[in-house]
Amino acid sequence: MAIISVHNLRKTYGEKVAVDDVSFAVEEGEIFGIVGRNGAGKTTTVECVAGLRTPSSGVVEFGAGLTDVKEQIGVQLQDCSLPDKLRVGEALDLYASFYSRPADWRSLLGEVGLDPGTAFSALSGGQRQRLSIALALVGNPRVAILDELTTGLDPQARRDIWKLISRIREMGVTVLLVTHFMEEVERLCDRVAVISSGRVLAMDSPEGLIARAGGRQRIVFRSTAPVDALRALPEVTSVSRDGDEVVVTGTGDLVAAVVGALPSGQLAGLRTERTTFDDAFLALTGHAAE
Amino acid sequence: MMPIQKKLILTETKLFLREPAAVFFVVVLPAALLLVLGASIPGFRDADPSLGGERVIDTQLPGMMVLLSIVTLALSSLPSTLVAYREKGVLRRMSTTPIRPTALLVAQIAISAVVAVLSTALTLTLGHLVLGVPVPRQLAAFAGVLVLGAVAMFSIGLWLAAVAPNTRVVQGAGAVVMFPLLFLGGMWLPRDLMPSALRVVSDFTPTGAFGQVLRDTMAGHAPGLPHLAVLAGWALIAGIAAARMFRWE
């Protein structure tokens with residue numbers, strides 16, 4: 001049974017529809033991504049799941065022994081900071097005291113690699129996000145909801161956060177991850193719901209969505225020889241040429257087939273391009289992610 | 001519930017003590033002003049016919065310093081902290097935990113109340129030891145009006161925190177409200193010396209009423225009922241407005 005099931009969630013603010021009709025289910029132990037452009041309704045959706053907002057209609061159900069949302073779901077929201085002079089250790093100690101069965105905050109501190117004596121104002125963006133993750137985990141939750149964790153971070157800090165999120169899953173915590181970074185989805189998520197204008201456009205594994213978007217490979221090389229013969233290969237779906245540059249798309253073991261079909265020495269500068277989740281997102285929504 | 005609140009209050013107390021400006025203006029400045037002005041200004045320690053034969057250091061100066069401390073706490077320190085917590089999402093983050101953000105409000109008010117009492121005690125004790133400021137003659141009544149006045153002032157501060165959209169506005173508005181209120185409370189011109197029209201206006205302000213009942217009880221008189229009613233009215237109106245208008249995010 002799913003640990004979180006959302007059925008036909010809708011949230012409106014007056015005339016404005018923030019979430020139109022969203023349904024999805026999160027299985028225990030997975031990293032479930034909610035992806036979409038800014039303003040797609042991602043944050044409102046997870047705020048409804050976390051019990052911070054009341055849906056206008058629709059139902060959020062919990063299973064697998066999740067009975068107390070505030071106790072058992074750890075949440076990290078965007079734009080939530082702490083008092084400047086609060087120190088890391090004090091913040092964790094304080095937030096641990098809010099829960100009936102908290103985690104050992106000192107070992108969490110080691111996990112996120114922060115010094116307990118540092119004041120919040122002295123933390124870098126990446127360190128603040130790591131502290132936020134620790135605060136979301138300090139109650140020993142079954143589910144962690146992480147909203148746009150890596151926005152505004154440099155690439156190294158982003159990779160550190162990704163490692164940490166993978167660790168959370170190893171600890172047995174289900175993760176609901178909100179993001180608009182396609183690379184983050186590809187690297188971390190087991191399954192993902194693509195949301196646009198308050199509706200779910202597609203829900204699958206990142207690989208599944210990529211396959212749906214074409215799942216094609218594309219290889220590009222330079223050749224002066226005629227390449228029309230390539231069209232006959234079963235792996236090839238299209239061949240086009242622009243001067244010396246040849247673009248071949250297809251499926252299966254495309255590279256081996258193309259290389260084998262051309263006389264040796266007739267092919268230079270070969271590179272392959274794979275459909276990314278970015279392309280899949282573009283194909284689904286008709287817009288680039290950001 | 002209790003141990004949780006205790007840790008929250010303890011943590012918030014540490015944070016208050018880490019703000020040197022707040023500690024200075026609320027605790028140090030009123031006591032220091034009493035001692036320095038009381039010791040240095042000629043005539044402050046002599047019977048003053050314009051104050052009905054009282055010395056300035058008997059009730060006017062210490063009463064105003066107590067008022068200064070509580071007004072600074074209520075209109076500057078408390079609302080700035082709360083609005084900053086709302087602006088920075090501290091309250092929103094807390095709302096994701098089993099603790100309601102109301103707990104933070106309660107902790108802040110509790111700390112402000114304790115600081116108000118300590119600052120008052122420090123000001124009057126030092127005044128007594130150094131300048132011979134008399135101990136309030138009606139101590140129980142003094143404590144009572146201190147509580148009522150503090151409740152009225154804190155309610156106004158919470159109202160301010162409820163309506164101010166951000167920290168810049170709350171600090172600006174706090175200052176704009178604070179100085180006229182301190183003036184009408186008799187900070188720079190004792191109420192005894194105010195022209196009668198001005199004194200009537202002062203009677204209806206929370207600081208005018210508060211300052212007067214503080215001085216009344218320090219001098220050993222019963223606090224005037226109209227002034228107590230004015231304070232209760234402000235506490236009620238501002239308290240209800242604050243409760244209705246307060247936003248967590």
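Coordinates for the structure precede this section.
Quick notes on the rules
Residues numbered from 1 in each chain as written. Chains lettered and ligands numbered in written order. Predicted model: local features only at pLDDT ≥ 70, side-chain atom pairs only at ≥ 80, totals over all residues. Heavy atoms only, no water. Helix = DSSP H or I, 4+ residues; strand = E, 2+ residues; numbered from the N terminus. Rg over C-alpha atoms; globule rule 2.2 N^0.38 Å. Buried < 20%, exposed > 50% of the residue type's maximum accessible area, 1.4 Å probe, protein only. Contact = heavy atoms within 4.5 Å. Areas by Shrake-Rupley, 256 points an atom, 1.4 Å probe, with all protein chains shown as cover. Expected span 1.5 Å × (residues − 1). Polar contact = N/O pair within 3.5 Å; in protein donor to acceptor, adjacent residues only side chain to side chain. Axes fitted to C-alpha atoms, helices over the stretch in contact; angles between N-to-C directions. Parallel < 35°, antiparallel > 145°, perpendicular 65-115°, else oblique. Left-handed = near helix turned anticlockwise from the far one by under 90°. Nonpolar A, V, L, I, M, F, W, Y, C, P; charged D, E, K, R; others polar. Buried area = accessible area lost by both parts, 1.4 Å probe. Salt bridge = Lys/Arg side-chain N within 4 Å of Asp/Glu carboxyl O. Core = buried A, V, L, I, M, F, W, Y, C linked by side-chain atoms within 4.5 Å. Patch = residues over 30% accessible without salt bridge, like charges linked within 9 Å, V, L, I, M, F, W, Y side chains within 5 Å. Pairing = 2+ DSSP bridges.

Visitor: I tried to follow the overall build of chain B on my own but got confused; where do I start?
Guide: Of regular secondary structure, chain B possesses 10 helices and zero strands. Ordered by position from N to C terminus, the α and β elements of chain B give α-α-α-α-α-α-α-α-α-α. Taking 18 Å as the expected radius of gyration for a compact globule of 249 residues, we find that chain B reaches 18 Å, a close match to that expectation. Expressed as a percentage of its 249 residues, the buried residues of chain B come to 52%. Look at the contacts in chain B between residues 6 or more apart in sequence, and 72% of them connect residues 24 or more apart. Counting every atom, chain B has about 10800 Å² of accessible surface; 73% of that belongs to carbon and sulfur.

Visitor: Quick question: what am I supposed to make of helix H7 (residues 167–184) of chain B here?
Guide: All names here are of chain B. Taking 1.5 Å per residue, 18 residues should reach 26 Å; H7 reaches 26 Å between its end C-alpha atoms and fits that length. Taken residue by residue, H7 has Thr 167, Val 170, Gly 174, Met 178, Leu 181, Leu 182 and Leu 184 as its buried positions. Measuring from the backbone nitrogen of Arg 168 back to the side-chain oxygen at the start of H7 gives 3.1 Å, which picks out Asn 166 as the cap. Looking one or two residues past H7, Gly 186 carries a phi angle of roughly 100 degrees, positive in sign.

Visitor: Mind showing me how you'd approach the packing of helix H3 (residues 60–87) of chain B against helix H5 (residues 102–131) of chain B here?
Guide: The description of two packed helices rests on the angle between their axes and on the distance between the axes. Residue and element names in this part refer to chain B. Two numbers describe how H3 lies on H5: the axes approach to 10 Å, and their chain directions differ by 160 degrees. One finds that H3 runs roughly antiparallel with respect to H5. Between H3 and H5 the crossing geometry is right-handed. Here Pro 62, Met 65, Val 66, Ser 69, Ile 70, Leu 73, Leu 78, Thr 81, Leu 82 and Tyr 85 of H3 come into contact with H5, specifically with Leu 104, Leu 105, Gln 108, Ile 109, Ser 112, Val 115, Ala 116, Ser 119, Thr 120, Thr 123 and Leu 124. Each residue belonging to the contact of H3 with H5 can be placed in one class, and the counts come to 14 nonpolar, seven polar and no charged.

Visitor: Explain the side chain of B:Thr120 to me, please; I cannot follow it from the model alone.
Guide: All names here are of chain B. Inspection of the secondary structure puts Thr 120 in helix H5. When its relative accessible area of 3% is taken as the criterion, Thr 120 is described as buried. Filtering out sequence-adjacent residues up to four positions away, Thr 120 remains in contact with Val 66, Ile 70, Phe 142 and Leu 146.

Visitor: For this particular structure, what's the right way to read the interface of chain B and chain A?
Guide: Interface size is often expressed as the accessible area that is lost when the parts come together. Taken together, the contact between chain B and chain A spans 22 residues of the former and 27 residues of the latter. Here chain B packs against chain A, burying approximately 2400 Å² in sum over the two surfaces, 55% of which is carbon and sulfur. There are six salt bridges connecting chain B and chain A. Across the salt bridge formed by A:Asp93 and B:Lys7, the nearest N and O atoms sit 3.1 Å from each other. Remark: the boundary between chain B and chain A carries 10 residue pairs in polar contact (both at pLDDT 80 or more). Of all the elements, helix H1 (residues 2–17) of chain B adds the most residues to the side of chain B that touches chain A, at six residues. Here the side of chain B that touches chain A is built from residues that sort into nine nonpolar, five polar and eight charged.

Visitor: Would you explain the side chain of B:Asn166 in this entry?
Guide: Residue and element names in this part refer to chain B. Within the element layout of this structure, Asn 166 appears in the loop between helix H6 (139–163) and H7. The buried category is assigned to Asn 166, whose relative accessible area is 19%. Here the side chain of Asn 166 touches Val 169 through a polar contact of 2.9 Å, landing on its backbone nitrogen. Dropping the residues within four chain positions of it, Asn 166 is found in contact with Val 83 and Glu 87.

Visitor: Got a minute to help me understand unusual backbone geometry in this structure?
Guide: Residues and elements named next belong to chain A. In this structure, Asp 79 is a non-glycine residue whose phi angle is positive, near 55 degrees. Relative to the assigned elements, Asp 79 resides in the loop between strand E5 (73–76) and helix H3 (88–96). Despite not being glycine, Glu 148 has its phi angle at roughly 50 degrees, a positive value. Looking at the element boundaries, Glu 148 is found in the loop between strand E6 (143–147) and helix H6 (155–170).

Visitor: How do you make sense of the nonpolar core when you look at a structure like this?
Guide: Counting residues in hydrophobic clusters, the biggest one holds 122 residues, and the most contacted among them are A:Leu92, A:Leu131, A:Leu146, A:Ile165, A:Phe277 and B:Phe210. Here this core gets 15 residues from one element, more than from any other, and that element is H3(B). Ignoring any residue separated from it by four or fewer positions in sequence, one finds A:Leu131 in contact with A:Leu82, A:Val88, A:Leu92, A:Leu114, A:Phe120 and A:Leu123. One finds A:Val6, A:Leu9, A:Val26 and A:Ile145 within the second-largest nonpolar core, a separate group that totals 27 residues.

Visitor: I tried to follow a nonpolar patch on the surface on my own but got confused; where do I start?
Guide: Taken together, the side chains of B:Phe24, B:Phe25 and B:Val28 make up a nonpolar region of the molecular surface, amounting to roughly 260 Å² of accessible area. With respect to the helices, strands and loops of the structure, B:Phe24 is situated in helix H2 (residues 20–40).

Visitor: How should I be thinking about the environment of A:Phe98 in this particular structure?
Guide: All names here are of chain A. Relative to the helices and strands, Phe 98 is located in the loop between H3 and helix H4 (105–112). Looking at Phe 98, the relative accessible area reads 3%, which means it is buried. In this structure the C-alpha to C-alpha distance between Phe 98 and Arg 212, which are 114 residues apart in sequence, comes to 45 Å.

Visitor: Is there a simple way to think about the environment of A:Tyr13 in this case?
Guide: Residues and elements named next belong to chain A. Structurally, Tyr 13 can be placed in strand E1 (residues 4–13). When the C-alpha atoms of Tyr 13 and Pro 206 are compared, they prove to be 32 Å apart, with 193 residues separating the residues in sequence. With near-sequence residues (within four places) excluded, Tyr 13 lies in contact with Ala 18, Thr 44 and Arg 53.

Visitor: I tried to follow helix H9 (residues 206–219) of chain B on my own but got confused; where do I start?
Guide: Structural remark: α-helix, 3.6 residues per turn; residues separated by three or four positions point the same way. Residues and elements named next belong to chain B. End to end, H9 covers 20 Å across 14 residues, agreeing with the expected 20 Å (1.5 Å per residue, within 8%). Counting buried residues along H9, 14 of its 14 residues qualify, which places the element largely inside the surrounding structure. One or two positions beyond H9, positive phi appears at Gly 220, with a value near 95 degrees.

Visitor: Just to check I follow, could you spell out the packing of H3(B) against H7(B) for this structure?
Guide: All names here are of chain B. In contact at an axis separation of 9 Å, H3 and H7 are set at 170 degrees when each is read in the N-to-C sense. It follows from the interaxial angle that H3 and H7 lie roughly antiparallel. The two elements H3 and H7 meet at a crossing, and its hand is right-handed. The segment H3 lies against H7, with Leu 68, Val 71, Thr 72, Leu 75, Ser 76, Pro 79, Ser 80, Val 83, Ala 84 and Glu 87 engaging Thr 167, Val 170, Gln 171, Gly 174, Val 177, Met 178, Leu 181 and Leu 182. Residue composition of the contact of H3 with H7, grouped by class: 11 nonpolar, six polar and one charged.

Visitor: Just to check I follow, could you spell out the pairing of strand E11 (residues 236–242) of chain A for this structure?
Guide: Remember that side chains alternate between the two faces of the sheet whenever the strand is regular. Residues and elements named next belong to chain A. Where E11 meets strand E12 (residues 245–250), six bridges bridge the pair, whose relative direction is antiparallel. Residue pairing for E12: Val 239 is matched across the bridge by Val 248. In this antiparallel pair of consecutive strands, E11 and E12, the connection spans two residues, and Gly 243 shows a positive phi of 65 degrees.

Without other data, these values stay purely geometric and don't point to any function.
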